[in-house]
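Chain residues, written in single-letter form:
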Amino acid sequence: MKPKDILKQAQEGKYALGSFNFSTAEVLRAIIESAQAAKSPVIVSTSEGEADFFGLRQAAALVESWRLQTGLPIILNLDHGKSLDKIKQAVEAGYSAIHFDGSKYDYEENIAKTKEAVDFVKSVNQDIIVEGELGYLRGSSSLHEEILEIKEEDLTKPDQAADFVQRTGIDSLAMVIGNAHGVYTQSPEKLRLNRLGEIKAAVGGQVFLVLHGGSGVPPEDVRGAVELGIVKVNVNTDMRLAWRQGLEKSLQESQDATPYKLLQRSYEAVREVVKNKISTFKT
Ligand code: 13P
């Protein structure tokens, strides 16, 4: 199945796919086996840093082996690609989706750079999904003790979103509607669902709507967002925290140094997170 058809199916079925990050083989296995148990298509992602650790070609080869073994529709996505060079490498390696994050640039420059990414990817392969990003997404995929403050000007503006989609030719739009990367212990993220509704009305059904920062958002807010048309929810921190807790427990319990034994709890913990997320995203 083509990557766009997988997302289209989600759009029509009114559910979202999880986009789960990985940088190690047992996390990838946990994501895919959890999705397989839920009979759900899945998106697996590497950020630039995660891809540098794992290897772009190695990620593509391993994901392909999981496709063959499970028969599951699996999209391999470059998450927050920041340079055209990295995007070229990911496309060459065989990634099926690219997220170009030009949100640090001013509006016109973001449009120009995103369009450049779209034009390049589509010139190589029309079937690869390209996602652009508009709005200022705060945080990083870890635990934060400070209070999260999302400002009105951080949010994606509906009229700009429509213009951005039209001028860049992206397939998917990542937006800021109260979401942030990471888990905030002092201030859970609160989604502005009204804003999502306005963005959707402005861009129409021509583009897939994406929610980053899927950790730390109350499940009822995520469900509300999926009901309003979000088809991809990115998750990283919740899996990282589960992975670490699993490893800590193993290290406390045993003096063993066998990697596959030490990583068993991490594998199980990540698998459980993915299971719960998939069930939330099905609304
Ligand atoms: P979280 O780390 O908050 O889950 O966000 C992940 C993400 O959006 C990756 O692009």
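Described below are features of the structure shown in this document.

So, how was this worked out
- Residues numbered from 1 in each chain as written.
- Predicted model: local features only at pLDDT ≥ 70, side-chain atom pairs only at ≥ 80, totals over all residues.
- Heavy atoms only, no water.
- 1 Å grid on protein atoms, 1.4 Å probe; cavity = no way out; pocket = protein on both sides within 12 Å on 5 of 7 lines; lining within 4 Å.
- Points joined across faces, edges and corners; volume = space filled by probe spheres on them.
- Helix = DSSP H or I, 4+ residues; strand = E, 2+ residues; numbered from the N terminus.
- Axes fitted to C-alpha atoms, helices over the stretch in contact; angles between N-to-C directions.
- Left-handed = near helix turned anticlockwise from the far one by under 90°.
- Contact = heavy atoms within 4.5 Å.
- Nonpolar A, V, L, I, M, F, W, Y, C, P; charged D, E, K, R; others polar.
- Near = heavy atom within 4 Å.
- Polar contact = N/O pair within 3.5 Å; in protein donor to acceptor, adjacent residues only side chain to side chain.
- Areas by Shrake-Rupley, 256 points an atom, 1.4 Å probe, with all protein chains shown as cover.
- Sits in = over half its atoms within 2 Å of the grid points.
- Buried < 20%, exposed > 50% of the residue type's maximum accessible area, 1.4 Å probe, protein only.

As for empty space enclosed by the protein
Where empty space is left can be seen by rolling a probe of water-molecule size over the atoms.
1) Next: Counted by the stated rule, this structure contains one cavity of 30 Å³ or more.
2) Next: The computed volume of the largest cavity comes to approximately 70 Å³.
3) Next: Lining the largest cavity are Leu7, Ile43, Ile75, Asn77, Ala97, Ile98, His99, Ile129, Glu131, Ser172 and Lys232.
4) Next: If you list the elements that add at least two residues to the lining of the largest cavity, you get β3 (74-81), β4 (97-100) and β5 (129-134).

Points about the packing of helix α4 (residues 56-70) against helix α5 (residues 84-93)
1) Next: At a closest axis distance of 8 Å, the pairing of α4 and α5 adopts a crossing angle of 35 degrees. Handedness of the crossing formed by α4 with α5: right-handed. Residue-level inspection shows Leu56, Arg57 and Ala60 of α4 in contact with α5, the latter providing Lys86, Gln89, Ala90, Glu92 and Ala93.
2) Next: Partitioning the contact of α4 with α5 into residue classes produces four nonpolar, one polar and three charged.

Some details on the site of the ligand
1) Next: Surveying the vicinity of the ligand reveals 15 residues, the closest of which are Ser141, Gly182, Gly213, Ser215 and Thr237.
2) Next: Thr237 is positioned such that a nitrogen or oxygen atom in its side chain is 2.4 Å from an oxygen atom of the ligand.
3) Next: Contact with the protein chains hides 99% of the accessible area of the ligand, taken as 310 Å² for the molecule alone.
4) Next: Of all the cavities here, the one that holds the ligand is the largest pocket.
5) Next: At the level of elements, β3, β8 (181-184) and β10 (230-235) are the ones that each hand at least two residues to the shell around the ligand.
6) Next: Looking at side-chain class alone, the shell around the ligand contains two nonpolar, 12 polar and one charged residues.

Things to note about unusual backbone geometry
Backbone phi values are negative for most residues with the exception of glycine, while trans is the configuration of most peptide bonds.
1) Next: Phi is positive for Lys39, which is not a glycine, with a value near 50 degrees.
2) Next: Structurally, the position occupied by Lys39 is in the loop between α2 (25-37) and β2 (42-47).
3) Next: What makes Lys39 exposed here is its relative accessible area of 71%.
4) Next: Phi is positive for His80, close to 55 degrees, though the residue is something other than glycine.
5) Next: Among the structural elements, His80 can be located in strand β3.
6) Next: Given the relative accessible area of 10%, His80 is considered buried.

By themselves these figures say nothing about function.
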